[in-house]
Amino acid sequence: MEKKTYGVYGFIEYEVGLDIGGRQMNVSFTQGSITQQGVQPARFTTTNRVVQYALEQHRSFKSGRIRLLKSVPVEDKKRAVKVPSKGKAGNVVDERPAEEKGEQLNDEALTTVEVGSFQDALDYLKENFGLGGAKVHSKAMAQEAALQHGVRLVIKK
């Protein structure tokens, strides 16, 4: 599995619509800057191979507007993580690697994260992916944003 970071130069934010399996998925490139010190492209990072493939087949990638900035190999050992909840203790799915549970790892398996509330989901997205509340206005948007980063987000409340 690879963690790929894509960039769009000359933009602070950029959004592209991908057609994946007949469904429309919006990918948001964020955290770009244009200053006297230089240009930082708007970036999007994912480990999801389906999203990577769809992005690399998009006309903006083929024309050179969207570029691959870096690709880093990563190992997918755990399928679930614990996220502490501010109010109540967050539930833990099963932190053991799939091999210990007698399961086979699927290359496109998502990491499952359970959080206690929508606010905890926002905190998780901001902490791990740099997504703020301005981009995520509902539970559905939070879950879609998490899917873009290879995470299945389960919100209890």
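Residues numbered from 1 in each chain as written. Predicted model: local features only at pLDDT ≥ 70, side-chain atom pairs only at ≥ 80, totals over all residues. Heavy atoms only, no water.

A. Region of the structure containing the packing of aromatic side chains. For the structure on display, the rule yields four aromatic pairs. Between Tyr 6 and Phe 61, the ring centres sit 6.1 Å apart and the planes meet at 80 degrees, which makes this aromatic pair edge-to-face. Of this pair, Tyr 6 sits in strand β1 (residues 2-8) while Phe 61 sits in helix α2 (residues 59-62); the two residues are 55 residues apart in sequence, bridging distant segments of the chain. Exposure remark for Phe 61: the relative accessible area of 23% places this residue in the partly exposed category. (Phe/Tyr/Trp six-rings, centres within 6.5 Å; stacked < 30°, edge-to-face > 60°. Helix = DSSP H or I, 4+ residues; strand = E, 2+ residues; numbered from the N terminus. Buried < 20%, exposed > 50% of the residue type's maximum accessible area, 1.4 Å probe, protein only.)

B. Inspection of the sheet that holds β1 at higher detail. With antiparallel pairing, three strands are arranged side by side in an open sheet as β6-β1-β7. Of all the strands in the sheet, the pair left with one neighbour each is β6 (42-46) and β7 (66-73). For this sheet, the mean angle separating the axes of adjacent strands, direction not counted, is 20 degrees. By the bridge criterion, seven bridges tie β1 to β7 in an arrangement that is antiparallel. Among the inter-strand pairings, Tyr 6 is bridged to a residue of β7, identified as Leu 68. Across the sheet, helix α1 (residues 49-57) is in contact with β1, β6 and β7; its angle to β1 comes to roughly 35 degrees. (Pairing = 2+ DSSP bridges. Axes fitted to C-alpha atoms, helices over the stretch in contact; angles between N-to-C directions. Contact = heavy atoms within 4.5 Å.)

C. Representation of helix α3 (residues 118-129) in the model. For α3, spanning 12 residues, the distance from its first C-alpha to its last is 16 Å, which sits close to the expected 16 Å at 1.5 Å a residue. For α3, the set of buried residues is Asp 120, Ala 121, Leu 122, Tyr 124 and Leu 125. (Expected span 1.5 Å × (residues − 1).)

D. Structural context of the environment of Phe 61. With 53 residues separating them in the primary sequence, Phe 61 and Val 8 have C-alpha atoms 9.4 Å apart. When near neighbours in sequence (up to four residues on either side) are disregarded, Phe 61 contacts Tyr 6, Leu 55, Glu 56, Ile 66, Arg 67 and Leu 68.

E. Structural context of the confidence of the model for the protein. Averaged over all residues, the pLDDT of the protein equals 79, while 77% of them reach at least 70. Every residue in residues 87-107 scores below 50 in pLDDT, and together they form 31 contacts with partners more than four places removed in sequence or on other chains. (pLDDT = per-residue confidence, 0-100.)

F. Here's a closer look at the pairing of β1. The element β1 is extensively covered by neighbouring structure, given that five of its seven residues are classed as buried. Here five bridges tie β1 to β6, and the two strands are oriented antiparallel to one another. Its bridge partner being in β6, Thr 5 is matched across the sheet by Thr 45.

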